[in-house]
Protein chains: 2
Amino acid sequence: MQKPLDFYFDFSSPYAYLASTQIDALAAELGRQVNWYPILLGPMFKAMGSAPLVDIPLKGDYARHDFARSARLFGIDYVHPAEFPIATVAAARATWYLQGQSMVQAGDFAKKVLEAYFARQLDIRDTDVLATVADSVGADGQAMLAGIQTDAIKDQLKQAVSTAMERGVFGSPFIFIDNEGFWGFDRFPHIRMWAAANPA
Amino acid sequence: MQKPLDFYFDFSSPYAYLASTQIDALAAELGRQVNWYPILLGPMFKAMGSAPLVDIPLKGDYARHDFARSARLFGIDYVHPAEFPIATVAAARATWYLQGQSMVQAGDFAKKVLEAYFARQLDIRDTDVLATVADSVGADGQAMLAGIQTDAIKDQLKQAVSTAMERGVFGSPFIFIDNEGFWGFDRFPHIRMWAAANPA
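Now for a quick tour of the structure. (Residues numbered from 1 in each chain as written. Chains lettered and ligands numbered in written order. Predicted model: local features only at pLDDT ≥ 70, side-chain atom pairs only at ≥ 80, totals over all residues. Heavy atoms only, no water.)

Describing the interface of chain B and chain A
- Each partner contributes to the interface: chain B provides 30 residues, whereas chain A provides 30 residues.
- For the pair chain B and chain A, the summed buried surface comes to about 2800 Å²; carbon and sulfur atoms form 64% of the total.
- Its largest share of buried area at the contact with chain A, chain B owes to B:L58, B:Y62 and B:L73, together 23% of the area lost on that side.
- Viewed at the interface, chain A and chain B are joined by 6 salt bridges.
- The partner of A:E180 in a salt bridge is B:R69, with the nearest N and O atoms 2.9 Å apart.
- Here chain B is connected to chain A by 12 residue pairs in polar contact (both at pLDDT 80 or more).
- Those elements that provide at least two residues to the side of chain B that touches chain A are α3 (41-48), α4 (59-73), β4 (180-183) and α10 (188-197) of chain B. (Contact = heavy atoms within 4.5 Å. Buried area = accessible area lost by both parts, 1.4 Å probe. Salt bridge = Lys/Arg side-chain N within 4 Å of Asp/Glu carboxyl O. Polar contact = N/O pair within 3.5 Å; in protein donor to acceptor, adjacent residues only side chain to side chain. Helix = DSSP H or I, 4+ residues; strand = E, 2+ residues; numbered from the N terminus.)

What to know about the packing of aromatic side chains
- The tally for this structure, following the rule as stated, stands at 44 aromatic pairs over all chains.
- Each ring, one from B:F7 and one from B:W36, has its centre 5.0 Å from the other, and the planes form 65°; the classification is edge-to-face. With B:F7 in strand β1 (residues 5-9) and B:W36 in strand β2 (residues 34-38), this pair connects stretches of sequence that are 29 residues apart. For the pair B:F7 and B:W36, one class covers both residues: buried.
- An aromatic cluster of at least three residues, connected via ring pairs, comprises A:Y8, A:Y37, A:W96, A:F170, A:F174, A:F176, A:W183 and B:Y62.
- A cation over a ring is seen here: A:R167 above A:F176, with NZ or CZ 3.9 Å from the ring centre.
- Directly above the ring of A:F182 sits B:R69, whose terminal nitrogen or CZ lies 3.7 Å from the centroid. (Phe/Tyr/Trp six-rings, centres within 6.5 Å; stacked < 30°, edge-to-face > 60°. Buried < 20%, exposed > 50% of the residue type's maximum accessible area, 1.4 Å probe, protein only. Lys NZ or Arg CZ within 6 Å of the ring centre and 35° of its normal.)

Quick word on the environment of A:V34
Residues and elements named next belong to chain A.
- Looking at the element boundaries, V34 is found in strand β2 (residues 34-38).
- For V34, a relative accessible area of 9% translates into the label buried.
- In this view, V34 contacts P4, L5, F7, I23, D24, A27 and M103; residues no more than four positions away in its chain are not counted.

What about the pattern of salt bridges?
- One pass over the structure, following the stated rule, counts 24 salt bridges over all chains.
- B:K111 is paired through a salt bridge with B:D108; the nearest N and O atoms lie 3.5 Å apart. Residue B:K111 and its partner B:D108 are both found in helix α6 (residues 103-118); the two are separated by 3 residues, about one turn of the helix.
- Judged by its relative accessible area of 22%, B:K111 is partly exposed.
- The network of salt bridges with shared partners includes A:D66, A:R69, A:D186, B:E180 and B:R187.

Considerations on the relation of the copies chain B and chain A
- Turning chain B through 180° and shifting it by 0.0 Å along the axis lays it on chain A, with an RMSD of 0.0 Å. What we have between these two chains is a two-fold relation. When each C-alpha of chain B is compared by its distance to the rotation axis, B:D186 comes out closest, at 3.1 Å.
- Taken as a fraction of all interface residues of chain B, those also at the interface in chain A reach 97%, which identifies the copy contact as same-surface. (Least-squares fit on C-alpha atoms with pLDDT ≥ 70 in both.)

Spelled out as structure tokens, the structure:
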């Protein structure tokens, strides 16, 4: 069995949402599973002296235009959220909690939460929204909400952010195939080319 | 005849070099010509409060790795320059000068200068190097060196940078098809998809 793809993402990242709708197909094509690893971009932006994309002059305008355009080109539903970016710590902790049960379920949850925020105009800071999504993928939403209050889960997310930064993650989505990292939704073709050139 | 692709680039941009080796094929596929529009990233970085890519923590390490990896994946010769980034005002002015004679010749010159810097370890700040490249594409290198000293050409580059920023250019390469702008070597597939969805 080949190593899973490590899919690092922030729940407030439009390009992570777009990638989340395509990563399963890419993984299947490469004969791999997906590790769904939510992180928080805040600490990374701090290390880089950077800011949220849409707050950067020139680049922000491009990004706002490109989010919806990229979605359209790939036939993905997209409605730019009224509040953006937002704090995504609850959704991230919830995904780490669900991984304790099942990575596949955690992935289904993550995909649906990204879709809720970027296509269904739901507020994913609202833990009731998160619990409903958890229930819809066969998890126990109430148990999850209790879980994300624990120090163990809080620490797990903190540790995940540190590990990600040690591996060189600075943006979202950031995908590792074996130990080779690729930044961005637009790098799927490069991942395919890299896999073809580096058979496991 | 469809509108040319406007190919904005900085001569010190590795991704512009990579794109310069593929843009003619993309343009031919789309039934278009290429306008070779060199600009300077400096004023754009200033507007964004940004810095050269390789100077940014985390992102810089990724970029250095990705330049050579992307070249390898696409089968493009690449030797990361010993001095990088460098001032590229002479090469940029030279390209604008050559456009006064022929856009095709200016494009051939630009491609060879990018290759000289990113694959042949030549110092493209050296105007003798630029004159030699100009001669090799059938232009008059000495006339070009005289031309880039004129206020008309200096102003033309300044104006080009202003126009680019007004059009939303903030990075390199930046490619317009009709008036739709795409940032990055990794956006060629998006340009193809956009062209297919928006027939002229």
